[in-house]
Amino acid sequence: MSALQINLWVLAATCAFTWLLSIPTKDTSWVDRIWSVVPAVYAWVFAGGANFTDARLNLLASLITLWAARLTFNFARKGGYRPGGEDYRWEVLRKQMKPWQYQVFNIGFIVIAQNLLLLLIVMPMNDLLLNPKPFGASDMALAALFLGLLTFETVADQQQWNFHKHKKAEAAAGRKVEPGFLSSGLFSVSRHPNFFAEVSQWWVVLLFGVTVVGFTSTNWIGAVALTALFIGSTRFTEQISLSKYAAYADYQKRVSMLIPWFSKK
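Residues numbered from 1 in each chain as written. Predicted model: local features only at pLDDT ≥ 70, side-chain atom pairs only at ≥ 80, totals over all residues. Heavy atoms only, no water.

A. Representation of the pattern of salt bridges in the model. Applying the stated rule across the entire model yields 9 salt bridges. Linked by salt bridges that have partners in common, Arg70, Glu153, Asp157 and Glu198 make up one network. (Salt bridge = Lys/Arg side-chain N within 4 Å of Asp/Glu carboxyl O.)

Set out below in structure tokens:
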């Protein structure tokens, strides 16, 4: 059985697992809980397809594992794995849909589409597995870029974590933080610097494949689809922020949504 065939079985199992758990728990965040884990599994299966002898595949699998560890840690400390840790955006959507509409959305988008996306973003590794080439300087440069983006995202996550801890402490003391959202540090040059770095890391994974085999019929789909998902999700998140904070509209005018750039005065 090929590495791709094994990963297709993993995909089928994760789809079944996340859907079956969402029914009795009435919690549709199970895909969110495996989001940071499954891509690393796919990556090591592809590396194992070469018996762990391909330096490029081993490097990519290691980088994706670092990505997985960072995201898992950040998701866990925010309570994502605790009972009742469903993403608040799913609850907002649930209220906007009829029950049967939400179940169709759950099966079609949350379960199938998102689990498929988690395989697609790792698919450049399949092209590299089928087209082994000598390890070179471009691989080291791309690895350094990936690690730079990973560090950037880690800093953004920590700044956000510190802000929300401060906001919670102030609320407990009867004081209100204004504005109620983070707009300093990396968030002064991008409204979502962590999202920017997250998506960019998967474009780097695509570049590993492109530098070796060029664009193939499948290797670009994951990065493009992930970018589209994040843009749509970010816009939805910002609609919620606009309804909560009067100052958010001005923040939107001053600061770039994703790509870090100079703030408008």
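B. Examining the packing of aromatic side chains more closely. As enumerated under the stated definition, the model contains 12 aromatic pairs in all. Ring centres 5.0 Å apart and planes at 85 degrees place the aromatic pair Phe75 and Tyr81 in the edge-to-face group. What links up through ring pairs into an aromatic cluster is the set Phe181, Tyr245, Tyr248 and Tyr251. (Phe/Tyr/Trp six-rings, centres within 6.5 Å; stacked < 30°, edge-to-face > 60°.)

C. Structural context of a nonpolar patch on the surface. Where nonpolar side chains cluster on the molecular surface, the patch consists of Trp19, Leu20, Ile23, Ile107 and Ile112 and spans about 430 Å² of accessible area. In terms of residues, the nonpolar patch owes the most to one element, helix H1 (residues 3–25), which gives 3 residues. With respect to the element layout, Trp19 can be found in helix H1. Residue classification places Trp19 among the partly exposed positions, given a relative accessible area of 32%. (Patch = residues over 30% accessible without salt bridge, like charges linked within 9 Å, V, L, I, M, F, W, Y side chains within 5 Å. Areas by Shrake-Rupley, 256 points an atom, 1.4 Å probe, with all protein chains shown as cover. Helix = DSSP H or I, 4+ residues; strand = E, 2+ residues; numbered from the N terminus. Buried < 20%, exposed > 50% of the residue type's maximum accessible area, 1.4 Å probe, protein only.)

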